[in-house]
Amino acid sequence: MIGTDATGGVARKVLLDCDPGHDDAIAIMLAVADPSIDLIAVTTVAGNVTLEHTTSNALRVLDLIGRADIPVAAGRAGPRERELSTAAVMHGEGGLAGPLPIAPSRGPADCTALELIEQVLTEAVEPVTLVATGPLTNMADVVESLPHLHHMIRELVIMGGAVDLGNWTPAAEFNIWVDPHAADIVFRAGCVPGAERTGIPLTMIGLEVTHRAWLTDEHADELRGTGDVGQFVAELLDHFVGFHQDRFGWEGAPIHDAVTIAHLIDPTLVTAIPMNVQIETESPLCSGRTVADRWSVTGLPANALVGLDIDRNRFVTMLVQRLQHLGSESA
Ligand code: RIB
Ligand code: CA
């Protein structure tokens, strides 16, 4: 039953801000599939592809899994200061491969992402968890425009950044690189979940974690033929795994964004420690770098919980199992 978890407890209310994108689509599906998560709204941002495509993709994924009841609102069409630069080379111009409905059954809500987030936080009876799996452009608006509602944000979990190397430039991970100024605003407002609340509790699921969270062709075959959802995910993976095999020579494709949701479902999956993280916004070489003080050499206070590792086998088992269950449910 929506809104209660498997033990009859109250599911965690989650608003997902995303830029679908193959792995964003899988994050949406995992959030809907797991009973401990109540996905109450989706907002979209330009990133992997343009806002028009990310919004249409979010609507069509929710159609496919039978959740056209979940509101979707479009956010910012581009970064705060930089020109938009997409990842169409990775995700394709439309942002998703595979057998999706050609057109969504509905349009997005007639309000902006920020307006929907304000409405959700205003009406919430308990603090809401925000998850961001694209550039942080919309989240920076939340920080700057909704200070009176920050207390209604249980925590913000983002997919983005890296303690070590980037994936879009040698220095920067894609989501942070697209809009470093937004990321700077978000991280300056962050604090460590569970510690004294001096800002918005912030968890950074970066590349150290997500590059270990990969699926392979074998997983695609496990899902193929298990209904519309399984077929869609299998074809998503066919594209996504193929790209990573060709571009990086890897065995599989990292399902970056789904790790944020898996972390909420089972916080023991990801190993994370508090760190001070600052964002480089000016350097032509290193713009978008998450400068993570792994060894506390700056003496600056930690402002985020930063992921360093993941139990990949348990993550993959959870993800494939939930996607297969979702397929059987929506069949
Ligand atoms: O670097 C990986 C991130 O960039 C993921 O969120 C992926 O969807 C892309 O947006
Ligand atoms: Ca994404």
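Everything in this summary refers to the structure shown in the same document.

### Here's the deal with the site of ligand 1
Part 1 of the reasoning: By nearness alone, every residue bordering ligand 1 is listed as Asp-19, Asp-23, Asp-24, Asn-48, Thr-133, Met-159, Asn-167, Glu-173, Phe-174, Asn-175, His-256 and Asp-257.
Part 2 of the reasoning: In the environment of ligand 1, an oxygen atom lies 2.9 Å from a nitrogen or oxygen atom belonging to the side chain of Asn-167.
Part 3 of the reasoning: Asn-175 places a polar side-chain atom, nitrogen or oxygen, 3.0 Å from an oxygen atom of ligand 1.
Part 4 of the reasoning: For ligand 1, whose accessible area on its own is 280 Å², the fraction buried by protein is 97%.
Part 5 of the reasoning: If you map ligand 1 onto the pockets, it falls in the largest cavity.
Part 6 of the reasoning: Secondary-structure elements contributing two or more residues to the shell around ligand 1 are α1 (22-33) and α6 (174-178).
Part 7 of the reasoning: Of the residues contributing to the shell around ligand 1, the split by class is two nonpolar, five polar and five charged.

### With respect to the coordination of the calcium ion (ligand 2)
Perfect tetrahedral coordination of a metal by four donors corresponds to 109.5 degrees between them, and perfect octahedral coordination by six donors corresponds to 90 or 180 degrees.
Part 1 of the reasoning: Every protein donor of the calcium ion (ligand 2) is accounted for by Asp-19 (OD), Asp-24 (OD), Asp-24 (OD), Thr-133 (O) and Asp-257 (OD), and the metal-donor separations fall at 2.2 to 2.6 Å.
Part 2 of the reasoning: If you list the donors of the calcium ion (ligand 2) from N- to C-terminus, the spacing comes out as D-x4-D-x108-T-x123-D. Of this pair, Asp-19 sits in the loop between β1 (12-18) and α1 while Asp-257 sits in the loop between β9 (253-254) and α11 (258-265); the two residues are 238 residues apart in sequence, bridging distant segments of the chain. Accessibility assignment for this pair places Asp-19 and Asp-257 in one class, buried.

### A closer look at the pattern of salt bridges
Part 1 of the reasoning: Counted under the stated rule, the structure contains 13 salt bridges.
Part 2 of the reasoning: Measuring nitrogen to oxygen at the nearest pair gives 3.4 Å for the salt bridge that ties Asp-309 to Arg-212. Placement of Asp-309 in strand β13 (residues 304-310) and of Arg-212 in the loop between α8 (207-210) and β8 (214-215) is noted, with a sequence separation of 97 residues between them.
Part 3 of the reasoning: Classification of Asp-309 as partly exposed rests on a relative accessible area of 31%.
Part 4 of the reasoning: The partner of Asp-311 in a salt bridge is Arg-314, and the shortest N-O contact between them spans 3.0 Å.
Part 5 of the reasoning: A relative accessible area of 30% means that Asp-311 is categorised as partly exposed.

### Focus: unusual backbone geometry
Glycine aside, residues mostly have negative phi, and peptide bonds are mostly found in the trans state.
Part 1 of the reasoning: In this model, Ser-296 sits at a positive phi of 55 degrees, which is unusual for a non-glycine residue.
Part 2 of the reasoning: The residue Ser-296 is located in the loop between β12 (290-292) and β13 in this model.

### Remarks on the pairing of strand β4 (residues 128-132)
Part 1 of the reasoning: Within β4, five of the five residues are buried, which leaves the element mostly enclosed by the surrounding structure.
Part 2 of the reasoning: Taking every second residue as pointing to the same face, both faces of β4 are buried, with Val-128, Leu-130 and Ala-132 on one and Thr-129 and Val-131 on the other.
Part 3 of the reasoning: Inspection of the sheet shows β1 paired to β4 by four bridges, in the parallel sense. Looking across to β4, one finds that Leu-16 is bridged to Val-131.
Part 4 of the reasoning: Pairing of β4 with strand β5 (residues 153-159), which is carried by five bridges, proceeds in the parallel orientation. The residue bridging Ala-132 from the neighbouring strand is Ile-158, located in β5.

### A word on the layout of surface pockets
Part 1 of the reasoning: Roughly 190 Å³ of volume is contained in the second largest pocket.
Part 2 of the reasoning: As for the second largest pocket, its lining consists of 13 residues, and the residues nearest its centre are Arg-188, Asn-276, Val-277, Gln-278 and Asn-303.
Part 3 of the reasoning: Counting residues per element, the ones that place at least two in the lining of the second largest pocket are α7 (180-188) and β11 (277-279).
Part 4 of the reasoning: Of the residues that constitute the lining of the second largest pocket, the class distribution is six nonpolar, five polar and two charged.

### Things to note about α11
Part 1 of the reasoning: With eight of eight residues buried, α11 lies mostly within the body of the structure.
Part 2 of the reasoning: Residues of α11 that are buried: Ala-258, Val-259, Thr-260, Ile-261, Ala-262, His-263, Leu-264 and Ile-265.

### Focus: the packing of aromatic side chains
Part 1 of the reasoning: What the rule picks out here adds up to three aromatic pairs.
Part 2 of the reasoning: Measuring from centroid to centroid gives 4.8 Å for Trp-168 and Phe-174, while their planes differ by 70 degrees, and the two rings are edge-to-face.
Part 3 of the reasoning: Residue Trp-168 is classed as partly exposed on the basis of its relative accessible area, which comes to 22%.
Part 4 of the reasoning: The exposure class assigned to Phe-174 is buried, which follows from its relative accessible area of 5%.
Part 5 of the reasoning: Residues Phe-248 and Trp-250 carry aromatic rings whose centres are separated by 4.4 Å and whose planes lie at 20 degrees to one another, so their mutual orientation is stacked.
Part 6 of the reasoning: By relative accessible area, Trp-250 is classed as partly exposed at 30%.

Thresholds, definitions, all that
The written sequence of each chain sets the order in which its residues are numbered from 1. Think of it this way: whatever chain is written first is A, whatever ligand is written first is 1, and the rest follow in order. Residue-level local features of this predicted model are given only where pLDDT is at least 70; pairs of side-chain atoms are given and counted only at 80 or more, and the full residue set underlies all totals for whole chains, interfaces and linings. The side-chain figures draw on all heavy atoms in the structure; neither hydrogens nor water molecules are used. Residues are counted as near a molecule or strand when any one of their heavy atoms sits within 4 Å of it. Within 3.5 Å is the distance limit for a polar contact, defined as a pair of N or O atoms, with the added protein rule that one can donate a hydrogen and the other accept it, and that residues adjacent in sequence qualify only through two side-chain atoms. Computed with the Shrake-Rupley method and a 1.4 Å probe, the accessible areas treat only the protein chains shown as cover for residues. Using only the protein atoms, space was sampled on a 1 Å grid; points where a 1.4 Å probe fits but cannot get out form cavities, open sets with protein on both sides within 12 Å along at least five of seven lines form pockets, and lining residues are those with an atom within 4 Å of a point. Each molecule is checked against the cavity or pocket grid, and it sits inside if more than half of its atoms lie within 2 Å of the grid points. Labels follow the DSSP assignment, with helices taken as runs of H or I lasting at least four residues and strands as runs of E lasting at least two, numbered in each case from the N terminus. Here the term charged refers only to Asp, Glu, Lys and Arg, the term nonpolar to Ala, Val, Leu, Ile, Met, Phe, Trp, Tyr, Cys and Pro, and the term polar to all other amino acids, Gly among them. Coordination shells were defined by N, O and S atoms within 2.8 Å of each metal, extended to 3.2 Å for Na, K and Ca; water is absent from the atom set, which can make sites look incomplete. Three exposure classes are used, based on accessible area relative to the maximum for each residue type with a 1.4 Å probe and protein chains only: buried under 20%, partly exposed in between, and exposed over 50%. Every case where a carboxyl oxygen of Asp or Glu lies within 4 Å of a side-chain nitrogen of Lys or Arg is listed as a salt bridge. Each pair of strands is called paired provided DSSP finds at least two bridges between the two strands. Grid points are joined across faces, edges and corners, and a volume is the space filled by probe spheres set on the points. Two aromatic rings, drawn from Phe, Tyr or Trp (for Trp, its six-membered ring), form a pair once their centres lie within 6.5 Å of each other, and the interplanar angle then sorts them: stacked below 30 degrees, edge-to-face above 60, tilted otherwise.

Keep in mind that these numbers describe shape and distance, not what the molecule does.
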